[in-house]
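Fold and geometry: a report
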Amino acid sequence: MSTDPKQVVILGGGFAGVSTARYLEKLLRAEQASITLINRENYWVYQPMLPEVISGSIGLTNVVSPIRRLCPRTNLIMREVEDIDLKKQILTVSPGFRPRQLQLRYDHLVIALGNITDFHGMPGMIENAMPFRTLADAMVLRNHVIHVLEEADVEEDPKLRRQLLTFVVGGGGFSGVEVMAELNDFVRSVKRNYLRLRNEPHRCVVVQAGDRILPEMSETLALFAQRILRKRGVEIILNDRLKAATSERAILQSGTEIPCKTLISTVPSALPPVVQKLDCPKEGGKLLVNTGLELKDYEGNVWALGDCASIKTVAGTKVPPTAQHAIREATTAAINIAAAVRGGKRAEFGFEGLGTLGSLGHGAAVAQIFGVRVSGLLAWFLWRCIYLMKMPGLNRKVRIVTDWLLHLLFPPELAQTKVAFESGIRNQHFEPGDIIFQQGDLGDTMYVIEDGECEVFREQKGEQELLATLGPREYFGEMALLSDRTRNATIRAHTAMDILIIPKADFNKLRQSVPAFGHVFTELATRRAVAGSPQSFAEPGTLGGYPIPIPTPESELGPMPGSPPATRAKR
Ligand SMILES: Cc1cc2nc3c(=O)[nH]c(=O)nc-3n(C[C@H](O)[C@H](O)[C@H](O)COP(=O)(O)OP(=O)(O)OC[C@H]3O[C@@H](n4cnc5c(N)ncnc54)[C@H](O)[C@@H]3O)c2cc1C
């Protein structure tokens, strides 16, 4: 019999994964098992405190803890898991600096990859809604909120100012409510630092599919939470859900539209793609396990826990996706893995939960512990004490308490921590009637239509002339980039549209690095400059074998090389 240590690999460095590694370090000696943990970050995120990053009441790096310090005997691989071959017991991990994937063999596997916010089938959500799960999400949201406040302070147009000061959260569960409570507190307290926003109202809206928020709690506490949030100015829309979004507004199932520039969504959740594609039994979209947390059909070899697993306790209760359960599941899984490695007693998952706690922002919370319901300041104090106790390591505890004390004494931190410019080729969704750009706007991007149609208008002497209707694979907006002129036409979405946006910097980089790409547009610009009449727009030309229409000299329009003939309209 081989005496080599068994290879135990844990996928995911969240509550479930890190707790499993920590407990396995206690249960197994190095000669019995080599423990490896794969996570895309080298830190573990304390998600219950993540919303406090928005208001800055906890410093960015104080809500995370380095995995190497939490699990000193575990090998950490900070990479992306790309494939899990359950039959061959092989994992494929993304390349690092060298463009080569890594393959690892395991004897025992723990799948604890959590879940993701899935915007699939919700047009425009990927481009316009922000998820809230990771440290990066919290950082992006905080910076974005400061950005819209800065913009609102200088914006003259009252409609746009109102839009900039509207914040929408989709999902009224714990995370949605906590995010909105912190965001509202933050905006309320920093508005006084903006001379023109001091007396300007802001709008915070929570959209919840059910008939009350916090479905995880008793009705009494949920109603208390609703009252507190409404008293603090938060609007709560019940029995409705987000359906779509554009860069201008959130669109709800009921048809209600909320003009806004900040949309956060904490729902719906789905398995990470690498887990989704696993060919194994699932229940309710999650990995099906037994009470020993072993994956069905792979008992004794693969365990699944945390938010990605569908778990029932020995008493048959469905286990909710919470941190307190994930930690206990880790204990059960670790005991069973240790038993599989060196023999011994096995465990079954029987934890029924101690209670639930939810923060409603400064000085208010709701709690239900051992059946006792508490709300208000006392619950808030309990919330802070309990979550602080659960934070591993004295170092982090001291930092968090210091942050909280400073937050009580001083106003919230308002400095933006900008690490990169928001740019890059990206997708955007538009709904019928949305203006993509206006005549006279500065040209900083070009657009390629992937789906849908838009109309091109030019305003002359107070009259609007419809120049054309553009369809899939056609492009527009490049002329202003080539000539540094302002837009000479207005483009409006005719149907729902998906568009690829190429910012000026990327457009120029592509022109320089891929000469053929540059030639297409330079040659076209020359043609347009000599073409002359508006009629020329209706006559496709050819460039490099591709049909290309010859638009008006200053037109912003043209099809992508290889596109089908354009839909044309002229009024
Ligand atoms: C804002 C917010 C507030 C919350 N508040 C509470 C609360 O107050 N109380 C409570 O009990 N619960 C709370 N929860 C829920 C709780 O945090 C989760 O139930 C818990 O984190 C689940 O742990 P997990 O280990 O299953 O998943 P996660 O903690 O999500 O960990 C999954 C890990 O896997 C990594 N990963 C995923 N895919 C890959 C891949 N392909 N390759 C490499 N790594 C990958 C992720 O980066 C992540 O580190 C909250 C959640 C959120 C988002």
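All of these numbers come straight from a predicted model, not from anything done at the bench. (Residues numbered from 1 in each chain as written. Predicted model: local features only at pLDDT ≥ 70, side-chain atom pairs only at ≥ 80, totals over all residues. Heavy atoms only, no water.)

Remarks on the pattern of salt bridges
Per the stated rule, a full pass over the model turns up 13 salt bridges. Notably, a salt bridge pairs K277 with D83, separated by 3.4 Å at the nearest N-O pair. Remark: D83 occurs in strand β6 (residues 81-85) and K277 occurs in the loop between α9 (273-276) and β19 (282-283); sequence separation between them is 194 residues. With relative accessibility at 52%, the residue K277 sits in the exposed group. Classification of D83 as partly exposed rests on a relative accessible area of 29%. In this structure, the salt-bridge partner of R249 is D434, at a minimum N-O distance of 2.5 Å. With a gap of 185 residues between them, R249 in strand β15 (residues 249-252) and D434 in the loop between β26 (426-430) and β27 (435-437) connect regions that are remote in the sequence. Given a relative accessible area of 6%, D434 falls into the buried group. One network of salt bridges, with partners in common, ties together R249, E257 and D434. (Salt bridge = Lys/Arg side-chain N within 4 Å of Asp/Glu carboxyl O. Helix = DSSP H or I, 4+ residues; strand = E, 2+ residues; numbered from the N terminus. Buried < 20%, exposed > 50% of the residue type's maximum accessible area, 1.4 Å probe, protein only.)

Quick notes on helix α12 (residues 394-409)
Taking 1.5 Å per residue, 16 residues should reach 22 Å; α12 reaches 23 Å between its end C-alpha atoms and fits that length. Among the residues making up α12, those that are buried are R396, I400, D403 and W404. Projection of α12 onto a plane perpendicular to its axis shows the buried side chains occupying an angular sector of 95°, all on one side. Across α12 from its buried face, at more than 90 degrees, point the exposed residues L394, L405, L408 and L409. Considering only its buried residues, α12 is in contact with α2 (52-55), β4 (64-66) and α11 (377-390). (Expected span 1.5 Å × (residues − 1). Arc of directions from axis to C-beta. Contact = heavy atoms within 4.5 Å.)

Points about the pairing of strand β1 (residues 6-11)
Bridging between β1 and strand β2 (residues 33-39) involves 6 bridges; their strand directions are parallel. Along β2, the bridge assignment pairs I10 with L37. For the crossover from β1 across helix α1 (residues 15-27) to β2, the handedness is right-handed. Summarising the sheet, β1 and strand β9 (residues 108-111) pair through 4 bridges and their orientation is parallel. Looking at the pairing, L11 lines up with I111 of β9. (Pairing = 2+ DSSP bridges. Right-handed = clockwise from strand over helix to strand, strands pointing away.)

Examining the site of the ligand
Around the ligand sit 27 residues in total, of which N39, Q47, V81, D307 and Y387 are the nearest. Taking N39, its side chain carries an N or O atom lying 2.9 Å from an oxygen atom of the ligand. Here the ligand, which alone exposes 990 Å², has 92% of that area covered by the protein. Among the elements of the structure, α1, α7 (174-190) and α10 (323-342) are those that each provide at least two residues to the shell around the ligand. (Near = heavy atom within 4 Å. Polar contact = N/O pair within 3.5 Å; in protein donor to acceptor, adjacent residues only side chain to side chain. Areas by Shrake-Rupley, 256 points an atom, 1.4 Å probe, with all protein chains shown as cover.)

Some words on α1
Given a rise of 1.5 Å per residue, 13 residues ought to cover 18 Å, and the 18 Å separating the end C-alpha atoms of α1 matches this to within 8%. Within α1, the full set of buried residues consists of F15, A16, G17, V18, S19, T20, A21, L24 and E25. In the core, the buried residues of α1 are packed alongside β1, β2, β3 (43-45), α3 (67-70), β9 and α10.

Regarding the packing of aromatic side chains
Throughout the structure, instances matching the rule amount to 9 aromatic pairs. Seen in terms of ring centroids, F507 and F517 are 5.9 Å apart; in terms of plane orientation they differ by 70°. Their pairing is edge-to-face. In this pair, F507 sits in helix α14 (residues 504-513) while F517 sits in helix α15 (residues 515-531), placing the two residues 10 residues apart along the sequence. Pair check on accessibility: F507 and F517 agree, each one buried. An aromatic cluster of three or more residues is present, and its members are F15, W44, Y46, W383 and Y387. Over the aromatic face of F437 sits the side chain of R487, whose NZ or CZ is 4.0 Å from the ring centroid. (Phe/Tyr/Trp six-rings, centres within 6.5 Å; stacked < 30°, edge-to-face > 60°. Lys NZ or Arg CZ within 6 Å of the ring centre and 35° of its normal.)

Considering the environment of D403
Considering the arrangement of structural elements, one finds D403 in helix α12. It is 40 Å that separates the C-alpha atoms of D403 and A347, two residues lying 56 residues apart in sequence. Every residue in contact with D403, bar those within four places of it in the chain, is listed here: S57, I58, G59 and N62. Of note is the side chain of D403, whose polar atom sits 2.8 Å from the backbone nitrogen of G59.

With respect to the nonpolar core
In this structure, I84, L86, L109 and I111 are the most contacted members of the largest nonpolar core, which totals 123 residues. Ranked by residues supplied to this core, first place goes to α7 with 9 residues. Among residues more than four places away in sequence, those in contact with I111 are L11, I84, V275, L278, L287, V302, W303, A304, L305 and C308. L467, A468, M497 and I499 belong to the second largest nonpolar core, which has 17 residues in total. (Core = buried A, V, L, I, M, F, W, Y, C linked by side-chain atoms within 4.5 Å.)

With respect to the environment of L295
Here L295 is to be found in the loop between β20 (286-288) and β21 (302-304). Residue L295 is classed as buried on the basis of its relative accessible area of 0%. In sequence terms L295 and R69 are 226 residues apart; their C-alpha atoms lie 29 Å from each other. Those residues in contact with L295, other than ones at most four positions away along the chain, are L86, C280, L287, L288, V289, V302, W303 and A304.

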